[in-house]
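# Remarks on the overall topology
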Number of protein chains: 2
Amino acid sequence: MSVSETKAGAVKNLQDLADLAGVSRATASRALNDNPRISQATRDKIQALARDHGYAINRRARDFRLQRTGVIAVVFMLDIESKQHMSDLFFLDMLGGIADSLAERDYDLLLARAPVLDVRDLNNSRMLNQSDGAIFIGQGEQHEQLNNLARQRSSLVVWGEPVPGKQYVLVGSNNEVGGYQAATHLVAKGRRKIAFFGSTGNPENAARFAGYQRALAEHGLEFDPALKFDIPFDMEAAQSAIPELLQSSPDFDAVMCVTDVMAMATLSALQHRGTRVPEDIAVVGYDDISLAAYSSPPLTTVRQHIREAGAVLVDSVLGLINGNPVKDTLLDTELIVRRSSDTKS
Amino acid sequence: MSVSETKAGAVKNLQDLADLAGVSRATASRALNDNPRISQATRDKIQALARDHGYAINRRARDFRLQRTGVIAVVFMLDIESKQHMSDLFFLDMLGGIADSLAERDYDLLLARAPVLDVRDLNNSRMLNQSDGAIFIGQGEQHEQLNNLARQRSSLVVWGEPVPGKQYVLVGSNNEVGGYQAATHLVAKGRRKIAFFGSTGNPENAARFAGYQRALAEHGLEFDPALKFDIPFDMEAAQSAIPELLQSSPDFDAVMCVTDVMAMATLSALQHRGTRVPEDIAVVGYDDISLAAYSSPPLTTVRQHIREAGAVLVDSVLGLINGNPVKDTLLDTELIVRRSSDTKS
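Residues numbered from 1 in each chain as written. Chains lettered and ligands numbered in written order. Predicted model: local features only at pLDDT ≥ 70, side-chain atom pairs only at ≥ 80, totals over all residues. Heavy atoms only, no water.

Labelled according to an unreviewed UniProt entry, chain A appears under the name LacI family DNA-binding transcriptional regulator, originating from Congregibacter variabilis.

Listed below in structure tokens is the structure:
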């Protein structure tokens, strides 16, 4: 098959083909698929246009011309010790946002096998050699290794918390402010003994914890170390750890959790022992995953704009690939008040 | 760096390394990452073992030896006309199951940019050339094109409905029985005017519709074509279409939806107009996505064993890659009764 360069340039994607034929994108697609819902005449016309303009091979030709693979790698930095899974609900929401943004921009997505024990191992890997750029979700405990990798690969963007000395482009939410919003809300609701549920081993959670401490201090409440609980990340482990700690130390009137998944495990454990939420104990989560609005009671949470985050991550990595200057992005967080902390919601 | 073949064979993965060192997987991982929570002596010991046994390069060496890419491609067959997204909740649940299974088996996952207009275009694509096998989720309206592709690429598994003449390995749920279970349940609850919400353009939904018709016939109820409504797939479009149809034709006492996402849009539209669920109209969904148990009221649905499906898809494609005979798998569906159809649940 031979296609003249001039003609081939005109029809780069489905929209171009649809415009040329004067039909909708959906009709163009169905005609290419020989769908009987479209009249034979229209099918013939659009298929001929596609053939004449080298539609099918243009995507590949363009990739070749631009010396790009058309692939962006995505690596989730899972916490190995807590047996976090890729099917974690926050990750899936984030992956959906990234996948939609990449699809709109005509890129495939290469999802790394997890866990990635040492991101430095990726430097000469097929994974990075066969992609144009990489998005890392979370820093885990590998900030230094990410720095090492960033010194050798420029098209690399990390979702997480801006930590001192970082040498990679970062996209994240303002975790300190998020933690502050959650704790301030609980204080405003009259709570005085506010427990903190979650490990603070990674930079994002550490910042949320710092915001929680700032809110307590500003409202004249002393931080009680006995109310800080190190809870595992994954739902199953949390579901067995939380009832135990409720048994031994129930002396609080509110809980702030570092994730919604943890907050939902907390709701379930509290309900199981007959504690009323929010009357006896108010609960606030973090993330605003799709499920949060549907829990029972619906969950007050700190919204991370997850889908917008996916788009910003994709724009940032494509900016680096194209050689543009790319700055860090810190997205605002937003307190979403629902019934788990507010009887009037 | 040089590694003797004999030694290298012994430590193929993190578990091997952990076993050799007599520590847990988590400790081995942290030691490799130079995590200060692990004593310097243990870190030194495990890092030396990893070096001596060529741990880091063994994964790559093995891929090379086996002439494999270590990548499985995943293609979602989205319905273009209805603007279905990759962030659709059923897809995300399915993707999570596949991703976890692939990670356990040490494979990367290459997610195709969507929509794929004609799967035959994939035949000489980088996507399939740089992967060992491919999983297609759904058949869309491209059954024939999948047949064409399967004749040329053997390592190809499709999630969907077994249609006559198919030439690819298929994994699916028993959709006809699923549709039958949903409708039979509604009849048993005393409902007589049972609406069917959903397009039947793809083989899976057509089979669910056939099961619904069989259930009506077996219980002496006549099928009323006026109660079959063609609703778009995606949540937003469904949310605008459903209130309209409720306005014009509310003469039914139950609704069976082809997906949970559609059922949740239906719940929301019914509540908005003050209709009581299930007292006035009972609602049943399909899939049992993570959200279904948390909707308000919780949603009765036909469970597809989504995570198990992910594992079966992965096992089937790896079986084909290894040259083993692989049969089709049809998973059982299961009716999950919740409050949206049963006041006593």
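Once the structure has been displayed, the description carries forward.
Along the backbone of chain A there are 13 helices and twelve strands. The buried share of chain A, taken over its 345 residues, is 58%. Sequence-distant contacts in chain A: of pairs separated by 6 or more residues, those separated by 24 or more amount to 69%. Carbon and sulfur atoms provide 49% of the accessible area of chain A, an area that totals close to 14100 Å². (Helix = DSSP H or I, 4+ residues; strand = E, 2+ residues; numbered from the N terminus. Buried < 20%, exposed > 50% of the residue type's maximum accessible area, 1.4 Å probe, protein only. Contact = heavy atoms within 4.5 Å. Areas by Shrake-Rupley, 256 points an atom, 1.4 Å probe, with all protein chains shown as cover.)

Residues and elements named next belong to chain A. Across the sheet, which stays open at both edges, the six strands sit in the order β7-β6-β8-β9-β10-β12 with mixed pairing between neighbours. Every interior strand has two partners, whereas the edge strands, β7 (228-229) and β12 (334-336), have only one. Looking at chain direction, strand β10 (residues 300-303) and β12 are connected through three bridges and run antiparallel. Looking across to β12, one finds that Val302 is bridged to Leu335. Across the sheet, helix α12 (residues 260-272) lies against β6 (194-197), β8 (254-257), β9 (282-287) and β10, angled at about 155° from β9, the strand it touches most. (Pairing = 2+ DSSP bridges. Axes fitted to C-alpha atoms, helices over the stretch in contact; angles between N-to-C directions.)

A few words now on helix α10 (residues 203-218) of chain A. Residue and element names in this part refer to chain A. Compared with the 22 Å implied by 1.5 Å per residue over 16 residues, the 23 Å span of α10 between its first and last C-alpha is a close match. Buried within α10 are the following residues: Pro203, Glu204, Asn205, Ala207, Arg208, Phe209, Gly211, Tyr212, Ala215 and Leu216. Next to the buried residues of α10 lie β4 (156-159), α9 (175-188), β6, β7, β8 and β9. At the N-terminal end of α10, a side-chain oxygen is found 3.1 Å from the backbone nitrogen of Glu204, two or three residues along, and the residue is Asn202. Phi turns positive, to about 70°, at Gly220, one or two residues after α10. (Expected span 1.5 Å × (residues − 1). Polar contact = N/O pair within 3.5 Å; in protein donor to acceptor, adjacent residues only side chain to side chain.)

All names here are of chain B. Note on placement: Glu204 falls in helix α10 (residues 203-218). One polar contact links Glu204 to Trp159, side chain to side chain, over a distance of 3.4 Å. The contacts of Glu204, once residues within four sequence positions are left out, are Gly138, Trp159, Gly160, Glu161 and Asn175.

Time to look at the pairing of strand β5 (residues 169-173) of chain B. Each regular strand displays side chains that alternate between the two surfaces of the sheet. Residues and elements named next belong to chain B. Most of β5 is tucked away: five of the five residues are buried. Pairing analysis gives three bridges linking β5 to strand β11 (residues 329-331), with the strands arranged parallel. By the bridge assignment for β11, Ser173 is matched with Leu331.

To continue, consider the pattern of salt bridges. Residues and elements named next belong to chain B. On inspection of all chains with the given rule, the structure shows 26 salt bridges over all chains. Note that Asp342 and Lys189 form a salt bridge whose closest N and O atoms lie 3.6 Å from each other. In this pair, Asp342 sits in the segment after β12 (334-336) while Lys189 sits in the loop between α9 (175-188) and β6 (194-197), placing the two residues 153 residues apart along the sequence. Overall, Asp342 belongs to the buried group, its relative accessible area being 11%. Between Glu218 and Arg214 there is a salt bridge, with the nearest N and O atoms lying 3.4 Å from each other. (Salt bridge = Lys/Arg side-chain N within 4 Å of Asp/Glu carboxyl O.)

Right, let's talk about the sheet that holds β6 of chain B for a bit. Residues and elements named next belong to chain B. Read from one edge to the other, the open sheet built from six strands follows the order β7-β6-β8-β9-β10-β12, with strand pairing classed as mixed. Looking along the sheet, the strands with just one partner apiece sit at the ends: β7 (228-229) and β12. Against the sheet, α10 engages β6, β7, β8 (254-257) and β9 (282-287), with an angle of about 175° to β6.

Residues and elements named next belong to chain A. Going through the model one piece at a time under the given rule, you end up with 20 aromatic pairs over all chains. Residues Phe196 and Phe209 carry aromatic rings whose centres are separated by 4.9 Å and whose planes lie at 70° to one another, so their mutual orientation is edge-to-face. With Phe196 in strand β6 and Phe209 in helix α10, this pair connects stretches of sequence that are 13 residues apart. The exposure class assigned to Phe196 is buried, which follows from its relative accessible area of 0%. Three or more aromatic residues joined by ring pairs make a cluster, and in this case those are Phe196, Phe209, Tyr212 and Phe223. The ring of Tyr286 has Arg208 lying over it, and the distance from NZ or CZ to the ring centre is 3.8 Å. (Phe/Tyr/Trp six-rings, centres within 6.5 Å; stacked < 30°, edge-to-face > 60°. Lys NZ or Arg CZ within 6 Å of the ring centre and 35° of its normal.)

An α-helical turn contains 3.6 residues, so any two residues separated by three or four positions project in the same direction. If you check which residues of helix α8 (residues 143-152) of chain B are buried, you get His143, Gln145, Leu146, Asn147, Leu149 and Ala150 of chain B. Taken together, the buried residues of α8 of chain B touch α7 (126-129), β3 (133-137) and β4 (156-159) of chain B.

All names here are of chain B. Looking at the element boundaries, Thr301 is found in strand β10 (residues 300-303). Side chain to side chain, Thr301 and Asp260 meet in a polar contact 2.7 Å long. Those residues in contact with Thr301, other than ones at most four positions away along the chain, are Asp260, Val284, Gly285, Tyr286, Asp287, Asp288, Glu334, Leu335, Ile336 and Arg338.

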